[in-house]
Amino acid sequence: MTSPADSIEIQNVVASTGIGQELDLEALADDLPGADFNPDNFPGLVYRTQNPKAAALIFRSGKIVCTGAKSIDDVHEALDIIFDKLRGLSIPVEEDPEITVQNIVSSADLGHNLNLNALAIGLGLEDVEYEPEQFPGLVYRMDEPEVVILLFGSGKIVITGGKQTDDATTAVEQIVERIENLGLLG
Amino acid sequence: RLRKWQERIRTKDAGERNLQFALSEMDRMASALGAPRSTREVASVLYRRALNEDLIRGRSIEAVSTSCLYAACRMEGIPRSLDEVTEVARVPYKEIGRTYRYIAQELKLEMQPVDPKEYVPRFASELGVSEEVKQKANEIIDVSAEQGLLSGKSPTGFAAAALYAASLLCNEKKTQREVAEVSQVTEVTIRNRYQEQIEAMGLY
DNA sequence: AGGTTACTTTTTAAAGC
DNA sequence: GCTTTAAAAAGTAACCT
């Protein structure tokens, strides 16, 4: 028997860090092949790593946002690549800049179709946003852990807003229990 | 002290002027949408509640007025789709949707999802089909919704497909194009929902 | 009629308007 | 509030063949 918690897959990890050094993004855009910098549109320089696949937003302040990685390890690997590139450009970067995970997006499968109409009423209309005319997913804001869950008619779900790896696991266990108690799972 | 008093008067006057503007806007849009007087009254009550609870700060009067009217139509059981409302509104679709969700949440309206059957009478009369077609469409909606086909689907597209299917079953055929026009849904969506619904009815 | 692309929702940091 | 980045879910839409 496979439980929904076993179907959890991390899809995206967002993290922030900083090199503790101001940067000249115009010069960096010229020195970093593949860098996208359009200060008129957005103040950050966009740099993409291939292995692991991730995108970094580098700011003038030296602060960096990394997104698109599939695991926390990948976030560290991607940022290490960027730190080394900067060092290669004679830009001083601290030994191990602190990296903070800001958001983890995961997907999972409850294994049964869901009646979203009944679920909206069962979970409580005050805690739920379900507007199928605008978006097919039901939006449920969970308090503990503090995450947002998108539930679809297929039983597939998305858990986002968590900062720890096990937030998604706890959230899935909680939502499965609530849906089961409502008699709305399978 | 006098300044504060004057400012209060000014704010109150501005609020009253804005309220009059909001009421006239809701009236204009309600007329354009063919919504009855009761709907305008519900919408104005919602707007006054939003005003009293200070929900308009940081939002445009237009967006709040439009959202109140959209919510009122739904509460009265005679919904207008966001696309239809957008056609007579002066704010974009996305802003109406976002403002509506905010107002519904803050005023604790506890809005139920729109029942596709609520679109049948209006779409049917615009198509000029018989009472039999309406009844058949309602039956198709109930049967396919019971089989779980409604989850995540647009109520407008669901109603449109049911009316298309019903018109065929009752020998009063309306083309997908005709149904698409009155429902503001694409023919592709009608086709997709139609296929699922006739299977649910055991009619393929 | 089908296929591709792209937009809707949620989350999160960053700097600045 | 907006701008940008990534990712999943499923529905709808626009455009092309």
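For clarity, every value in this text was computed on a predicted model and none was experimentally measured. For every chain, the first residue of the written sequence is number 1, and numbering continues from 1 onward in sequence order. By the order in which they are written, chains take letters starting at A while ligands take numbers starting at 1. Side-chain atom pairs in this predicted model are given and counted only at pLDDT of 80 or more, local residue features only at pLDDT of at least 70, and totals for whole chains, interfaces and linings cover all residues. Where side-chain values are given, they derive from all heavy atoms of the structure, hydrogens and water being excluded.

*Asks:* Please explain the pattern of salt bridges as it appears in this structure.
*Replies:* A side chain with one charge can pair with a side chain of the opposite charge if their charged atoms come near. Residue and element names in this part refer to chain B. For this document, the term salt bridge refers to a Lys or Arg side-chain nitrogen within 4 Å of an Asp or Glu carboxyl oxygen. Taken as a whole and judged by the stated rule, the model has 17 salt bridges over all chains. The salt bridge involving Glu25 is made with Arg90; its shortest N-O contact spans 3.1 Å. Of this pair, Glu25 sits in helix H1 (residues 2-33) while Arg90 is found in the loop between helix H4 (82-88) and helix H5 (93-106), placing the two residues 65 residues apart along the sequence. Exposed residues in this analysis have more than 50% of their type's maximum accessible area, buried residues have under 20%, and partly exposed residues fall in between, with area computed by a 1.4 Å probe over protein chains only. Of the residues examined, Arg90 reaches a relative accessible area of 55% and is grouped as exposed. Each of Glu25, Arg28 and Arg90 takes part in salt bridges that share partners, so that together they form one network. In this text, helices come from DSSP runs of H or I with a minimum length of four residues, and strands from runs of E with a minimum of two, each type numbered from the N-terminal end.

*Asks:* Sorry, what's going on with the side chain of Arg122 of chain B here?
*Replies:* Residue and element names in this part refer to chain B. Along the polypeptide, Arg122 turns up in helix H6 (residues 120-127). According to the relative accessible area criterion, Arg122 is buried, its value standing at 18%. Should any heavy atoms of two residues lie within 4.5 Å, those residues are counted as being in contact. When residues no more than four places from it in sequence are discounted, the contact partners of Arg122 are Pro79, Arg80 and Glu84.

*Asks:* Got a minute to help me understand the environment of Glu84 of chain B in this structure?
*Replies:* All names here are of chain B. Following the sequence through the fold, Glu84 ends up in helix H4. Between the C-alpha atom of Glu84 and that of Val182, which follows or precedes it by 98 residues, the distance is 10.0 Å. Not counting residues within four places of it along the chain, the set of residues in contact with Glu84 comprises Leu33, Tyr119, Arg122, Phe123 and Gln184. Here Ser81 takes part through its backbone nitrogen, which lies 2.8 Å from a polar atom of the side chain of Glu84. We call two N or O atoms a polar contact when they sit within 3.5 Å, provided that within protein one can donate a hydrogen and the other can accept it, with sequence-adjacent residues counted only if both atoms are side-chain atoms.

*Asks:* What exactly am I supposed to notice about the protein's contact with DNA strand C here?
*Replies:* We call a residue near a given molecule or strand whenever any one of its heavy atoms falls within 4 Å of it. Taken together, 23 residues lie around DNA strand C, and Arg60, Ser61, Asn103 and Arg141 of chain A together with Arg191 of chain B are the ones closest in. The sugar-phosphate portion of DNA strand C accounts for 68% of its atoms within 4 Å of the protein, the bases making up the rest. Thr160 of chain A places a polar side-chain atom, nitrogen or oxygen, 3.1 Å from a base oxygen of DNA strand C. Contacts to DNA strand C include Lys94 of chain B, whose side-chain N or O atom sits 3.3 Å from a phosphate oxygen. Put simply, the parts of the chain that give the surface near DNA strand C at least two residues each are strand E5 (63-69), strand E6 (100-109), strand E9 (147-151) and strand E10 (156-162) of chain A together with H5 of chain B. The greatest single-element share of the surface near DNA strand C, amounting to three residues, is contributed by E6 of chain A.

*Asks:* Where do I start with the side chain of Asp167 of chain A in this structure?
*Replies:* Residue and element names in this part refer to chain A. Tracing the backbone through its elements, the reader meets Asp167 in helix H4 (residues 165-181). For the purpose of counting charges, residues Lys and Arg are taken to be positive, whereas Asp and Glu are taken to be negative. His and the chain ends are not included. For the buried Asp167, no salt bridge exists, and the shortest N-O distance to an oppositely charged side chain is 8.1 Å, to Lys163. When residues no more than four places from it in sequence are discounted, the contact partners of Asp167 are Pro145, Val147 and Gly162.

*Asks:* Can you walk me through the pairing of strand E8 (residues 138-142) of chain A in this structure?
*Replies:* Look at any regular strand and the pattern is simple: side chains alternate between the two faces of the sheet. All names here are of chain A. Burial of E8 is extensive: four of the five residues sit out of reach of the surface. Pairing between strands requires that DSSP locate at least two bridges from one strand to the other. For strand E7 (residues 128-129) and E8, the ladder comprises two bridges, and the chain directions are antiparallel. Bridge pairing in E8 links Val128 to Tyr140. As paired strands, E8 and E9 are joined by five bridges and run antiparallel to one another. Bridge pairing in E9 links Arg141 to Val148. Turn length for the E8-E9 hairpin, with the two strands adjacent in sequence and antiparallel, is four residues.

*Asks:* Teacher, can you tell me more about the protein's contact with DNA strand D here?
*Replies:* Neighbouring DNA strand D are 30 residues, the closest being Phe42, Thr67 and Ser154 of chain A together with Thr189 and Arg193 of chain B. Taking the atoms of DNA strand D that fall within 4 Å of the protein, sugar and phosphate contribute 71% of them. Between a base nitrogen of DNA strand D and a side-chain N or O atom of Thr67 of chain A, the distance comes to 2.4 Å. Contacts to DNA strand D include Ser154 of chain B, whose backbone N or O atom sits 3.0 Å from a phosphate oxygen. With three residues, strand E1 (residues 9-18) of chain A is the single largest residue contributor to the surface near DNA strand D. The residue makeup of the surface near DNA strand D, split by class, is 12 nonpolar, 11 polar and seven charged. Polar here means any residue outside two lists: the nonpolar Ala, Val, Leu, Ile, Met, Phe, Trp, Tyr, Cys and Pro, and the charged Asp, Glu, Lys and Arg; Gly therefore counts as polar.

By themselves, these figures tell us nothing about what the structure is for.
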